[in-house]
Structure formats: C-alpha cells, structure tokens
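Listed below are the residues making up each chain.
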Amino acid sequence: MNDRIKKLRRQSLNAKPSVSLERAELLTKFYKSGEAERVSVPVARALAFKYILEHKKICINDGELIVGERGPNPKATPTYPEICTHTLKDFKILNDRRKVSFAVSDKTRKMQKDTIIPFWSGRSIRDRIFEAVDPEWVAAYDAGIFTEFREQRAPGHTVLDDKIYHNGFLDFKRDIEQSIERLDFYNDPEAPAKREQLRAMAIAAGALVLYARRHAKKLSELAAKERDAPRKKELKEMAEICEKVPARAPKTFREALQYYWFVHVGVITELNTWDSFNPGRLDRHLLPFYEKDFKAGILTRERARELLQAFWVKFNNQPAPPKVGVTAEESNTYTDFCLINLGGVKETGEDASNELTYLILDVLEEMRLLQPSSMVQVSKKSPDRLLYRALKIIRTGYGQPSLFNTESIVAELVRQGKTVQDARNGGASGCVETGAFGKESYILTGYFNLTKVLEITLNNGIDPLTGRQIGIKSGDPKKFKTFDELYDAFEKQLQYFIDVKIKGNRIIERLWAEYLPAPFLSILIDDCIVNGKDYNDGGARYNSSYIQGVGLGSITDSLTAINCRVFDKKDISMTAFIKALRANFKGATRLRQVLLDETPKYGNDDDYADDVMRRIFESYFRLIDGRPNTKGGHYRINLLPTTVHVYFGSITGATPDGRKAWEPLSEGISPVQGADRKGPTAVLKSAGKIDHVRTGGTLLNQKFTPSLLADDDSLVKLGHLIRSYFKMDGHHIQFNVVTAETLRKAQKNPEKYKDLIVRVAGYSDYFVDLGVDLQNEIIKRTEHGLI
Amino acid sequence: MANGIIFDIKRYAIHDGPGIRTTAFFKGCPLDCRWCHNPEGKKCEPETIIVRNRRKGSGKYKKREKETFGRMVTVEDLMTEIRKDAIFYDQSCGGITFSGGEPMMQMDFLNAVLRACKSDGFSTALDTCGHAPPDDFERISGLVDFFLYDLKMIDDGRHMKCIGVSNSLILDNLVMLSEKGHRIILRIPLIPGITDTDANLADILKFIESIKNVNEISLLPYNKLGEDKLGKFGMKNILGPLQTQTRAELDLKAARFRSRGYKVQIGG
C-alpha cells in the first residue's frame, strides 16, 4: 500500500458517519416548487434526481483518484424522506446509540422538524404502506412473523453486468429515444405510460452526465490552484476523464473505474436501494481494459493496484443509510452489502478467473475494509490455486471472501427460467442471493420466522407473547395423536402467514410501481428501455420476489424434539411439554437437558432430524415457489438471515429444542449454535440434504480457529471440504476464523479490537460494532477447532 | 460376524494420513505407556469412568460425572458411520484410519471391517503399536493401504520399564512389513526425557537405516491433552507436567532425519 492509499484509507476509517440532509433538502425543495405536479410521476422522479445532482456539493477528497461522494463528505449519509421519514426520536436514537451510530447535528434536527417532516408526513411510501395493508398483515408484522424490507428501503436488489463498459450514457439516451420512436400509440394501450417512463429515463441519463461534468469543472478549478506539479497533472487528467465518462464508453482501466463509480453514486442517490448494488463480476469486466492498457504501456500492475485500492475506499465511504424501528434491529450494520464477485465462469462456460482475479484478491487482503464485501465463485473448473488463494485470506480472520458454488448458482437461475448465458453471467449478491446480473430485479420482500409459526401452532393460533389470536385455529395441540397431525397444523399456519405476506406484498409492489419508479436504475437493467417499463414495475427481463426463510436449524430441532420425545419415546406429554415451554423451562431443567443433549439435532448428519428438515423445506418451497408477483415474475425462496435471527429470537418464547425464550434463533442453514457435535463433515452432509438448486441462495456459516488452518496441508484439506460440499450442490459457505477467547477479549476491551472483523451472516462487520447478543452468539457458534 | 468395541469415531480427521479421513478408535491396548493420552482406550471392555470436570478459571476439579467409554458395534454399524463421509474421501484421496487403543487386539473385527472397506473401495490405514502376533499382521496386511507404525524406543530395557513390554515383537513386525514392501509412516511420539532423548533418537535413526522401505516419519510433539485427561479421570500423572517442544526444537529434530533423506512431518 503506497502513502497515498494509506492516507485515503485512514481518511475513510476516521470519517465519522453522520446524517446529512443535503439530499432530503434538495428533494423537498424540488417537490415544493410545484414542478412535480405538472408532470407524470416518473418524470417528476427523474427531475428530482436531476435537481439533486445539479445542486449537491461536489466533494473531491485530498489525494483521491476516483471521485464522487453520495453525501457532501465521506460517510455523510443521506436520508430518503420520500421512502421513510425519520422522526426526531429516530434521530436521537441514531445519534446516541453506542453501536452503528450516526451523528445528527442540531441544524439537521431543526431542518428535519421544520421542513422535512411537515412536507413528507403522509406522503412517504412507509406511511402509504402501513395505511394500505390489511390488519392481518399488521398483526403478523407486529408479532414478528415476518419483516418487510420495502417500508424503509427501495426494492433494489440487483447488480450490474458489463453494459456500461460498452456504452456511454449518450448511447443509452439514444437507445431510450429509439424506444420512444418505436412506441405504437394505436395498438399498445400502455404506450403513453411507457413514453413517460422513457422520458424519465432520458432525463436521468442526462443528469448523471451533468453530475460528472460538474466534477470535471471542479477538478479543473482545483488543478488551476494546485501548486504541487504531479497532483496538478493528476487533477487535470481526472477532469478530462470526468468529461469523457459516463457520457461515452470508457476506453481505459481508469476510466472504467471512474465510470462505474458515477453510476454507483447515481443508483444510491436515486433511491436507497436495498441493497447491494455493485459492479458484480469485476475481474471479468475490467480485464479487457487491463490487458489493453498494459499492452499500450499506459498501465502497470502496481498502478492498477493503486487504482483498485482507491476504488475500494469509495465503497467504504458510503455507509448503509440509517434505518428505523424493527429494521434497525434486524440489520444493524454500516455495511451496504456490496458483494464483488470474483472467479466463476464466462458466458461460454469456461473458467473466468484471470490475472485480475488475483490482483483484486491482493487488494482486498491489503485494504481490509468493511466495504465492499467480496466473494469468490468456485466452479468445478476453477483452479485449486484460486481456492487456496481465497482460503489464505480467509485464514487471516478477515471474514472475506466468502465462497460460492458457481454450478449451483447457474443451476438455480436456469431452474427459475433464465437462459444458461444469463445464468453464467450472474452470481450472488447481498448476502447470498442469486441473480442474473444486469437483467434481473430480484426483490427480497422480508424475512420469515419459521420458528415463531410453530409457537403459534402450539398455541392454536395465539401469540403467547401478547395473548392475541394472530394465526388461524389449527387445532388444540394437546389433542394431537401423531406427529403428522401436529405437522399438518404447523403447515396450515405456515400457509396462512405466507398468504398474508404475499397479499401484502402485492399491495406494496403496486405502491412502489406507482409512487416511486426508479428511472435511473431502469437505464441499467435490461430490458427496461426496450420494454418502456420501470425497474419497479416489471421492466426487467426477469422479476423475482423472495421471502427469506430464517431459522431452519431451530425449527427443525424443535419439530424433531416434539417428534422424538412426545410421539416416539413418549417420555413427556404434549401438555407437559407446552407447560414447560410457557414456563421457559423453569422447573424443567432435566427435560431441557434431555432436549439439549439426548435429542437428535440437525447438523449431525442424522436422518432422524434431517428428514424433518427436508419436510419443512418442501413445505416452505411448495407454499411459495412459482406463485406470481405483480410484475410478470414469480416468488422464490432463499434461506438467509442477515442478523434478523437475533430479532426473531427476541420475540420468540422458549422452543422445544431446549432454547430459552428470547435467545437468538439459528442463522441461515447453519445448525443451532452448538448443536453440531460431529464435526464439519457432518454439518456439510446435513446442509447438503437441502435441495439448494430449488432456492435462490442459502447461507452456511462455519467457524474455524486459526490453529486448524495454520499449515498448508490443513488448508488443502479445507479446500477439499469445500469442494465436497459444492459437489453436494451446496450454494455458499463462509468461515469465521477466530478463537472464542479472542472474541471474549474483544468484548471486554473493545477499544483494543476495533479492527476485528468477523463474518456475521452474508457479510462481515466490525465485531465491536455488534450488539452484545450478537457478539455472544458469534462466540457460541461451534468452534470446530476444538474437535 | 464379529462385533467390536470402539470408544470414538472421529470424522474430518485431518492429521492421521492423507486427505480427509474418518478415524475409528478401537478399545484395548497391550501396552502401558506412561504418557498415554488415551487412557480410556486401554481396557478391552466398555468401562464407566468418573470424569471430573475442570471448573472454568480455577484449577480445581469439581463436578463428578459418570461417563461410559466404549460401545459394542457390529461391522455394519461401523460401516454405516464410515460411509457417511465417502464423498469427502473421494474428493481428497482420504479414507479410513483404524486407531485406538490397538486395533490388532480385535483381530477378527478389524479383519471384517477392513474387508468391508475394501469392498466399498475405501483407502485404509492402520495406526498400530506393532505389538501383535506376526501372523495377524500377515492376515490383514493385504487389506491395509498404509501403516501408521508407532516406534517409541529401541533400548529394550527402557522399553520394558516405560511401556511394560519388550519391543522385540514391535521391531520384528516392522522389519517384516517393510520387507514385504508395505507403505509405512513411522510415528515417533516425542516424550520429553523418555523417547525424546538424543540417545533414543540416534538409536531409532540407526535402526530404520538398517531396514528397507521406510521413508516417511511423523514426529509427534508432546500432547498436553493426555495430562488433561488424567486429571479428568482422576488418574495419577506419574510423569508430572511436561512441556510441549517448541517449534525450533522440533525443526531441529526433523532436520536430523531429513538430512538422512527421510520425509519428515511434524505432528499428524
């Protein structure tokens, strides 16, 4: 790392996250001007976008090579009042809380109170959603059966393909104009609406070019004032680049990075897209530029490294927008889930890893930043060298990169109806979510608490936490004679809550399509321009909606425990069991011990438990997969938690697997914390019994102590372990390589461990920034190093 | 068919030979090593031992708990467990390791399990102390892909004293197996002051240079786990607490063998 990068990295690490109302103020000014009322909704959105980019502060940080900040300064994080308007109480929480805080100044507070709240109250999509959904939906949401992403973040889950490296925004503008010309106003009843969408896209395209040229102007001004000759030259070059891109397609490696970065800022300024917008297959996209520049003698490997490192810093400067309420709890992190994909296969199916793959791995190892996240797609065609290089970084305890199975990703996408080529050009984003990059809108609609549904079932539809009847009456569990009767009741509740969720989703999808189209993002995702439709309204080539199942381990072990103890071994009656659960195992210590130590658990390659898991998977899949959404696409399932298993646990009472009330549930498809006792092969065998190909992603967390990976022979064996899991179609695996002792020390002396990054779920985070429950849970996760 | 008594099955064993392996621990051992770190493997029959759990933080033993070590299994029982990780053996060129205790103490069972493994196409390794009738080795040697052969001491007087038996059978079997061309990885446990002495290591080197076909050596650093177990089982630690060798010490010892052309691994 050279001095410049050291400085940029330090600037980024030291920048304190704060709430910036720059965007909110400009947006409100525009909507108050009355101009929005004279045009269609999409055009108004595009004009608002343009207004923001025209007026926001241009920030050029000292010494930087890639320019463009979402806020006025690094980590000055905007709000999106048209989506959810923070209350003053929210601001107080954000400012005061110890973890993941955002500084809120008095001026900001006043502006929010006097200007932002009065205007957006009742107009934000959050307000509209809560007004439009059914009471059943609200009851389930309040009880913690499911969460809803789109009440405070935009449905944005998507990643870019290679189109920006071949087209400038002037080219996109031309495509948009041609699409308008092709509209058939005589035969297509939607033609007028399409024209509005396309006009909006054209305005948004122009806005980004304008934004880049404002940077060019500012850079020229700085160059004129600069006394240091090399920097002066550099500023001039940067000004020239910002004149060229994104108006035109990039011609050099450096232009390509700067181009992407403007696009990134555009997407995350238009809306607070949840989540993860990123360049995707970066090693593939940049390779032609790298090779060409190298041949031309205008780029060295070291210069490429420096530019990539400068690029990395830009991601780290953009914390995830501050959330409110339940969502703040479910995903408490600064990371915004940008997951750079490396490796994998080319469109033709050949191994895609290349020299840049390794250079980028060097970069992320050296930078050790929270953002962006990174992953390696391991194909059966990937060389072992790639896998071992990745493992060597993982071994250092950084928590990155995570490892994905290319063959599973492709198979999952093809099963969903994508072409093989689109699938091979795809990857995983966010935590583990599969997508056809640049061509798919794949929306995570909310997490689903499978274990809570069992709690409701065991109480005949009542949530014991509140005493409210929130589910259906599925029968008195004390009268069930067989496990099948219990399971049927569970499945009925499951169906009911999934129906409630999907009905609500349909309403929410329409609200977004109607009120908050995303014309800028629509330019970037095929085939919104051709279709004349917005990203939020089914314009993309593929439109998938997900409901993410949480706590597979907990629900499996809970149902297994009832099957084993009540119906098989008959050593406790259902009545006594339910009583013990209500008492949170008070006075039932022996029962709890039997449940914890002598009852089969998922994660041990024991079919007694794993068969129950298979059954739950089939129910969840059958009740969701293939149901239509309102955008011409379908519902799919995936199994990942982010950190919501902590929140879901906090509202779920004691469970039949021996878990005490309010403790976290299991995460992803990992076994319940500490339940796996037979080592990593047994965990992988259990997880391998899930039909990963019928999901859109699963998340498996494994913790290794560094001692187990100290020598290269162990590393090779770990490589075999991963390859074996991928042979079983496993989708993803990630490793936490730290000792519990280190983590405990970090908990006691956080100031000494500020740099400690751990794998939380589908991403890594600073350990000291995590809440104590989550910290404890990470410590508890089975340490395979002890075996 | 013969039944056997095992006291543990360890999956993802990555230090007992090549690849990812499953190690089955057979109960019963003819030796009485002073440093034994698997005391629960000594007796042939299943046994119940009172385990004292060390209380966290303080050095006192507190809780007493009965724990049974060893269970009777059929060949099919063991094979069911072994087969579970087949995909991992295939991927990593791993396989099954039979350890103990001393697997040769349960000849008929071992023979049957080895045959079953071969019929499933699994690679097999036998971790043995070598103290068994030569005919028994003849009987199973064709079913074993390689031997992890423990060699502790050459001086028979000291061997008798510290291990309880003469080493003549052990050395004879080693010579016999090596002459037949079997792959042998010698495992030398380094017990400070006992096996880990200049004189003993020199004797070992001299001995193995006199025989053919032994090219691979594993030096096993002293394992503190044994002391921990003795404490847990309330057994007397005759040797007193010993120190694990430092990395530098181990490298020095390894160099001694390497310089004579042996492939040496530390640990495993």
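Because the structure is predicted, anything quoted here is derived from the model rather than measured.

(A) Spotlight on the overall build of chain A. Each helix and strand counted, chain A has 31 helices and 18 strands in total. Computed over C-alpha atoms, the radius of gyration of chain A comes to 26 Å, within 12% of the 28 Å expected from 2.2 N^0.38 for 787 residues, which places it in the range of a compact globule. With the C-alpha coordinates of chain A rotated into their principal frame, the extents come out at 85 × 60 × 55 Å. Residues classed as buried in chain A amount to 67% of the 787 residues present. Intrachain contacts of chain A at a sequence separation of at least 6 include 77% that bridge at least 24 residues. A total accessible area of about 26,400 Å² is found for chain A, and carbon and sulfur atoms account for 51% of it. Across chain A, the centroid of the 119 positively charged side chains sits 3 Å from that of the 105 negatively charged ones.

(B) Main features of the overall build of chain B. Within chain B one finds 9 helices and 11 strands. Along the first, second and third principal axes, the C-alpha set of chain B runs to 50 × 45 × 35 Å. Across chain B, every contact between residues at least 6 apart in sequence was considered, and the portion connecting residues at least 24 apart equals 66%. Counting only carbon and sulfur atoms, one obtains 50% of the accessible surface of chain B, whose full area is about 12,000 Å². The averaged location of the 35 negative side-chain charges in chain B is 7 Å from the averaged location of its 40 positive side-chain charges.

(C) Focus on the interface of chain A and chain B. Taken together, the 21 residues of chain A in the interface contact 18 residues of chain B. Taking both sides of the interface into account, the surface hidden between chain A and chain B amounts to around 1,700 Å²; carbon and sulfur atoms contribute 59%. Of the charged contacts, one joins B:Arg11 and A:Asp605 as a salt bridge, the two residues approaching to 2.7 Å between their closest N and O atoms. Where chain A touches chain B, the interface holds 9 residue pairs in polar contact (both at pLDDT 80 or more). Secondary structure elements with two or more residues in the side of chain A that touches chain B: helix H28 (680–687) and helix H29 (712–727) of chain A. In terms of residues, the side of chain A that touches chain B owes the most to one element, H29(A), which gives 9 residues. Of the residues assigned to the side of chain A that touches chain B, the class counts are 9 nonpolar, 5 polar and 7 charged.

(D) Fine view of the pattern of salt bridges. For the coordinates displayed, the defined rule picks out 80 salt bridges over all chains. A salt bridge links B:Lys43 to B:Glu47; its shortest N-O distance comes to 3.7 Å. Under the relative-accessibility criterion, B:Lys43 is labelled partly exposed at 47%. In this structure, B:Lys84 engages B:Glu81 in a salt bridge whose closest nitrogen and oxygen atoms are separated by 3.2 Å. Taking the relative accessible area as the measure of exposure, B:Lys84 reaches 19% and is therefore buried. With a relative accessible area of 16%, B:Glu81 lands in the buried category. Put simply, A:Asp605, A:Asp607, A:Asp610, A:Asp611, A:Arg614, A:Lys685, A:Lys689, B:Arg11 and B:Asp85 are held in one network by salt bridges that share partners.

(E) Region of the structure containing H29(A). All names here are of chain A. Its 16 residues give H29 an end-to-end C-alpha distance of 22 Å, which sits within 8% of 22 Å, the value for a rise of 1.5 Å per residue. Counting buried positions along H29 yields 12 of 16 residues, so the element is predominantly enclosed. For H29, every residue scored as buried is listed here: Ser714, Leu715, Lys717, Leu718, Gly719, His720, Leu721, Ile722, Arg723, Ser724, Tyr725 and Phe726. Trailing H29 by a residue or two, Asp729 shows a phi angle of about 75°, which is positive.

(F) Representation of the packing of helix H1 (residues 75–83) of chain B against helix H3 (residues 107–120) of chain B in the model. All names here are of chain B. Two elements in contact, H1 and H3, have axes separated by 10 Å at closest approach and are oriented at 40°. Taken together, the axes of H1 and H3 lie oblique to each other. Crossing hand, H1 versus H3: right-handed. The residues of H3 that touch H1, namely those facing Val75, Leu78, Met79, Ile82 and Arg83, are Phe109, Ala112, Val113, Ala116, Cys117 and Asp120.

(G) The arrangement of the pairing of strand E11 (residues 263–266) of chain B in detail. Residues and elements named next belong to chain B. Taking every second residue as pointing to the same face, the buried face of E11 carries Val264 and Ile266, while none of Lys263 and Gln265 on the other face is buried. As paired strands, strand E10 (residues 214–220) and E11 are joined by 4 bridges and run parallel to one another. Along E11, the bridge assignment pairs Glu216 with Lys263.

(H) Structural context of the side chain of A:Lys194. All names here are of chain A. By the secondary structure assignment, Lys194 is in helix H9 (residues 191–225). Under the relative-accessibility criterion, Lys194 is labelled buried at 17%. Excluding residues within four positions of it along the chain, Lys194 makes contact with Leu183, Asp188, Asn531 and Gly532.

(I) Expanded view of the nonpolar core. Counting residues in each nonpolar core, the largest one holds 185 residues, and the members touching the most others are A:Phe169, A:Phe253, A:Leu403 and A:Phe448. No other element matches H9(A), which puts 14 residues into this core. Once residues lying within four places of it in the same chain are set aside, the contact partners of A:Phe253 are A:Leu286, A:Phe289, A:Tyr290, A:Asp293, A:Leu299, A:Ala304, A:Leu307, A:Leu308 and A:Leu356. Counting residues in hydrophobic clusters, the runner-up holds 57 residues, among them B:Met104, B:Ala116, B:Phe137 and B:Leu177.

Each value, and the rule that gives it
Residues numbered from 1 in each chain as written. Chains lettered and ligands numbered in written order. Predicted model: local features only at pLDDT ≥ 70, side-chain atom pairs only at ≥ 80, totals over all residues. Heavy atoms only, no water. Helix = DSSP H or I, 4+ residues; strand = E, 2+ residues; numbered from the N terminus. Rg over C-alpha atoms; globule rule 2.2 N^0.38 Å. Buried < 20%, exposed > 50% of the residue type's maximum accessible area, 1.4 Å probe, protein only. Contact = heavy atoms within 4.5 Å. Areas by Shrake-Rupley, 256 points an atom, 1.4 Å probe, with all protein chains shown as cover. Lys, Arg positive; Asp, Glu negative; His and termini not counted. Charge placed at Lys NZ, Arg CZ, Asp CG, Glu CD. Buried area = accessible area lost by both parts, 1.4 Å probe. Salt bridge = Lys/Arg side-chain N within 4 Å of Asp/Glu carboxyl O. Polar contact = N/O pair within 3.5 Å; in protein donor to acceptor, adjacent residues only side chain to side chain. Nonpolar A, V, L, I, M, F, W, Y, C, P; charged D, E, K, R; others polar. Expected span 1.5 Å × (residues − 1). Axes fitted to C-alpha atoms, helices over the stretch in contact; angles between N-to-C directions. Parallel < 35°, antiparallel > 145°, perpendicular 65-115°, else oblique. Left-handed = near helix turned anticlockwise from the far one by under 90°. Pairing = 2+ DSSP bridges. Core = buried A, V, L, I, M, F, W, Y, C linked by side-chain atoms within 4.5 Å.

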